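Chains, contacts and geometry: an overview
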Amino acid sequence: MEIALFFLDCPGKIIGITGTRGKTTTASLIYEILRASGAHTLIGGNVAGVETLSLLSQITPETLVVLELSSWQLEGLAPHKISPQLAVMTNVYPDHLNTYNGMEDYAEAKANIFRHQKASDLAVFNYDNPWTRRFGNEAPGQTTFTSLERGGSFVRGSEQVEPFTFTETPWPVGTTWKTSCSPPPPPAYSVSQIRSSRTACAASTAYPTASNRSVSTTASATSTTAPAPHP
């Protein structure tokens, strides 16, 4: 499979994102944040208009490659026992069950994003989703959870939660509202993707201070210039 060939030949650091919902938003946010930081960043995978293998000629060991990964693409990695150095899983809900033998089979396809990580690799999981919480506790690498329920991010096994702060929220386009005003911040679903993106960028050595950026800075990436993903 094309994506497996890419992983085997890519000299850069791969940041892989999967999930039933939110992977496109999260991948685009991560790409825009890292690109804005000045890091050499590319985006590919399950993205329309991008031939991922053709990116190889542009990649150096310093390049950060953001890949949106579907369950089928992740299945292609399993025979090679490879996973991205930084894995992000947004959530897992029933989907494509006409293709898989039940929910467990589908979820396990998604789990290939972290199954073959090394102990030194990094992973970010949504603590509020039962499947991703379970997988976060199974991941072999260094794991961070993000949680709306707990109000921040925390390292697996730690009780210390780093709270997320909202300084400004763009709503609607062209108008900036303080969070103490009406209308309110973005819906919880959107905030969850922003938090996962910020946490993933903070985990990247190329952008260690991303978690300290305001939500307004990060949320502006929703009007991304990255190629549109497949439906």
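Residues numbered from 1 in each chain as written. Predicted model: local features only at pLDDT ≥ 70, side-chain atom pairs only at ≥ 80, totals over all residues. Heavy atoms only, no water.

Quick word on the environment of H96
Counted only if it meets this: Every helix listed is a DSSP run of H or I at least four residues long, and every strand listed is a run of E at least two residues long, numbered separately from the N terminus. Exposure classes here rest on a 1.4 Å probe applied to the protein chains alone. A residue is buried below 20% of its type maximum, exposed above 50%, and partly exposed in between. Contacts are residue-level and defined by heavy atoms, with any inter-residue pair within 4.5 Å sufficient.
Assignment of secondary structure puts H96 in the loop between β4 (86-89) and α4 (103-115). We classify H96 as partly exposed; its relative accessible area is 27%. Separated by 76 residues in the primary sequence, H96 and T20 place their C-alpha atoms 9.6 Å from one another. Ignoring sequence-local partners within four residues, the contact set of H96 consists of S71, W72 and Y106.

Here's the deal with helix α5 (residues 130-138)
As a reminder of what qualifies: In this description, one arc is meant: the one made by directions from the helix axis to the C-beta atoms.
Inspection of α5 places W131, T132, F135 and G136 among the buried residues, and these make up the whole buried set. Here the buried residues of α5 occupy an arc of 135 degrees about the axis, which is enough to place them on one side.

Examining helix α2 (residues 23-36)
Rules: Take the residue count of a helix, subtract one, and multiply by 1.5 Å to get its expected span.
Between its terminal C-alpha atoms α2 stretches 20 Å, which fits the 20 Å expected from 14 residues at 1.5 Å a residue. Counting buried positions over the 14 residues of α2 gives 10, a clear majority of the element. Listed in full, the buried residues belonging to α2 are K23, T26, A27, S28, L29, I30, Y31, E32, I33 and L34. Looking one or two places after α2, you find G38, whose phi comes out positive at around 100 degrees.

Remarks on the sheet that holds strand β7 (residues 152-155)
Selection criterion: Any two strands between which DSSP finds at least two bridges are classified as paired.
Taken in spatial order, the 8 strands line up as β2-β3-β1-β4-β5-β6-β7-β8 in an open sheet, and their pairing is mixed. Both outer strands of the open sheet, β2 (41-45) and β8 (162-163), are each paired with one neighbouring strand and no more. Where β7 and β8 come together, 2 bridges link them in antiparallel fashion. Bridge assignment links S153 to a residue of β8, and that residue is E162.

Quick word on the packing of aromatic side chains
Note the cut-off: Ring pairs shown here join Phe, Tyr and Trp side chains whose ring centres sit within 6.5 Å, with only the six-membered ring taken for Trp; geometry is labelled stacked below 30 degrees between planes, edge-to-face above 60, and tilted in between.
Enumeration according to the criterion identifies 8 aromatic pairs in this entry. Between F114 and F135, the ring centres sit 5.5 Å apart and the planes meet at 50 degrees, which makes this aromatic pair tilted. Of this pair, F114 sits in helix α4 while F135 sits in helix α5, placing them 21 residues apart in sequence. Ring centres 6.0 Å apart and planes at 45 degrees place the aromatic pair W131 and F135 in the tilted group. Taken together, the residues W131 and F135, both in helix α5 and 4 residues apart, mark about one turn of the helix. For F135, a relative accessible area of 0% puts it in the buried group. Of the aromatic side chains, those joined through ring pairs into one cluster are F114, F125, Y127, W131, F135, F145 and F154.

Some points on the pattern of salt bridges
Working definition: two side chains of opposite charge can pair if their charged atoms are close together. Applied cut-off: Salt bridges, as used here, are contacts in which a Lys or Arg side-chain nitrogen is within 4 Å of a carboxyl oxygen on Asp or Glu.
What the rule picks out here adds up to 8 salt bridges. Close ionic contact of R35 with E32 constitutes a salt bridge, the shortest N to O distance being 2.9 Å. Here the residue R35 and the residue E32 both occupy positions in helix α2, the gap between them amounting to 3 residues, near one helical turn. Given a relative accessible area of 37%, R35 falls into the partly exposed group. Each of E104, E108, R115, R134 and E138 takes part in salt bridges that share partners, so that together they form one network.

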